[in-house]
Amino acid sequence: SFDRLASTPALSAGTSTVILSVSSSTSVSPATTGSPSRLSHRDIVASVIDSPSGGTLIESIRKYNRPRHGGRTGVVLRALTISDHGGLDRVEFRDDVAIPELRTSTEVRIRLTAAALNHLDLFVVGGLAGVTIAPPWILGADGTGVVEAAGSAVTTIGVGDRVLINPGISCRECEYCRTGEQSLCVKFGLLGEHRPGSFAEFIVLPAENVRRVPAGRTDLSDAQAAAYTLATLTAWRMLATRAHVQA
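Residues numbered from 1 in each chain as written. Predicted model: local features only at pLDDT ≥ 70, side-chain atom pairs only at ≥ 80, totals over all residues. Heavy atoms only, no water.

Novice: Break down the overall build of the protein chain for me, with residues and values.
Specialist: Counting its regular elements, the protein chain contains five helices and 13 strands. Taken across its 247 residues, the protein chain has 45% of its residues classed as buried. For the protein chain, restricting intrachain contacts to residue pairs at least 6 apart in sequence, the fraction spanning at least 24 positions comes to 75%. (Helix = DSSP H or I, 4+ residues; strand = E, 2+ residues; numbered from the N terminus. Buried < 20%, exposed > 50% of the residue type's maximum accessible area, 1.4 Å probe, protein only. Contact = heavy atoms within 4.5 Å.)

Following this line, the structure appears as structure tokens:
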């Protein structure tokens with residue numbers, strides 16, 4: 001489950017998990033530093049996590065853009081977004097998206113250090129029945145980062161903690177949530193699909209949706225941690241929760 005990261009074995013250097021990255025050898029035109037700007041699908045590449053020539057999506061977002069505004073007032077973040085559905089040519093690299101603020105005392109703001117590509121992101125770009133986006137819509141479900149701010153009621157994690165993100169948002173109050181079936185929540189939603197996603201410098205989430213990465217897990221890179229959650233939780237529910245597979 002989401003709480004079992006501490007007991008999972010170290011990932012090997014040959015792990016083939018795919019991370020959305022922009023290769024250091026990829027040329028980015030001057031137009032991609034504008035606001036908003038558009039990256040063609042040729043500039044967005046998938047790279048295995050141990051690729052020596054790649055960088056994580058978040059590193060690329062920070063690198064290929066103009067400096068951020070100073071001070072807290074009017075601060076904006078950089079993100080990969082879409083304003084309408086279609087192909088990958090609809091993906092926009094923007095630096096004029098408002099930085100998210102805490103809305104409740106139980107939320108945290110994460111400064112993302114890595115984000116992973118899930119096939120869900122391609123579905124969202126293409127458009128999903130019943131899903132409505134509000135441009136500019138931030139893509140991405142998976143990610144990892146560091147807590148930058150925490151609401152007054154948050155006690156499980158603190159500012160400066162390195163954390164994983166659970167992209168499945170539930171109400172924690174309905175009958176399904178009360179029985180531990182959060183994915184069946186009547187208000188369930190996923191980052192990037194129903195809520196602004198992780199392909200940005202910052203994201204605000206309920207504290208229940210983040211877990212601290214154990215300090216001893218120095219073997220776990222940001223890229224590996226970013227790729228862990230959604231795919232792992234899906235497989236865990238299928239094998240352990242539903243099929244009751246045991247070692």
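Novice: So what's going on with the sheet that holds strand 8 (residues 142-150)? Which residues, and what values?
Specialist: Here we have five strands laid out as an open sheet, ordered 12-6-8-9-13, and antiparallel in their pairing. The sheet terminates laterally at strand 12 (202-206) and strand 13 (210-212), the two strands that pair on one side only. Averaged over all adjacent pairs, the angle separating strand axes in this sheet is 45°, with direction ignored. In this sheet, strand 8 lies alongside strand 6 (residues 107-116) in antiparallel orientation, the contact comprising eight bridges. If you follow Arg-111 over to strand 8, its bridge partner there is Val-146. (Pairing = 2+ DSSP bridges. Axes fitted to C-alpha atoms, helices over the stretch in contact; angles between N-to-C directions.)

Novice: Would you mind going over the pairing of strand 4 (residues 76-82) in detail, with residue names and values included?
Specialist: With respect to burial, strand 4 is a largely interior element, seven of its seven residues being buried. Burial of strand 4 is two-sided: the residues Val-76, Arg-78, Leu-80 and Ile-82 facing one way and the residues Leu-77, Ala-79 and Thr-81 facing the other way are all buried. Bridge count for strand 4 against strand 5 (residues 92-98) is five bridges, and the pairing is antiparallel. What sits directly across from Thr-81, in strand 5, is Glu-92. Where strand 4 and strand 7 (residues 137-138) come together, two bridges link them in antiparallel fashion. Across the sheet, the residue bridging to Thr-81 is Ile-138, located in strand 7.

Novice: Let's hear about the environment of Val-97: which residues, and what values?
Specialist: Secondary-structure assignment places Val-97 in strand 5. We classify Val-97 as buried; its relative accessible area is 9%. In sequence terms Val-97 and Trp-137 are 40 residues apart; their C-alpha atoms lie 9.3 Å from each other. Setting aside residues no more than four positions away along its own chain, Val-97 makes contact with Val-76, Leu-77, Thr-81, Pro-136 and Ile-138.

Novice: Summarise the pattern of salt bridges; cite the residues concerned and give the values.
Specialist: Evaluation of the coordinates by the stated rule reveals eleven salt bridges. Arg-90 is the salt-bridge partner of Asp-84, the closest N and O atoms lying 3.4 Å from each other. A salt bridge links Glu-92 to Arg-94; the shortest N-O distance between them is 3.3 Å. With a relative accessible area of 10%, Glu-92 lands in the buried category. Through salt bridges with shared partners, a single ionic network connects Glu-92, Arg-94 and Asp-96. (Salt bridge = Lys/Arg side-chain N within 4 Å of Asp/Glu carboxyl O.)

Novice: Give me the lowdown on helix 2 (residues 119-126), citing residues and values where you can.
Specialist: Inspection of helix 2 places Leu-120, Asp-121, Val-124 and Val-125 among the buried residues, and these make up the whole buried set. Buried residues along helix 2 cover an arc of 145° about the axis, so they all sit on one side. Where helix 2 is buried, its residues touch strand 4, strand 6, strand 7 and strand 11 (189-190). One or two residues past the end of helix 2 sits Gly-127, with phi positive at roughly 105°. (Arc of directions from axis to C-beta.)

Novice: I'd like to hear about the nonpolar core, residue by residue, with values.
Specialist: Counting 15 residues, the largest nonpolar core has Ile-82, Val-91, Val-124 and Leu-139 as its most contacted members. Among the elements of the structure, strand 4 and helix 2 are those that each provide at least two residues to this core. Broken down by element, the residue count for this core peaks at three residues, all from helix 2. (Core = buried A, V, L, I, M, F, W, Y, C linked by side-chain atoms within 4.5 Å.)

Novice: With reference to specific residues and values, describe the pairing of strand 6.
Specialist: Remember that side chains alternate between the two faces of the sheet whenever the strand is regular. Counting buried residues in strand 6 gives nine out of ten residues, a clear majority hidden from the surface. With five bridges joining them, strand 6 and strand 12 adopt antiparallel strand pairing. Within strand 12, the position partnered with Arg-109 by the bridge is Val-204.

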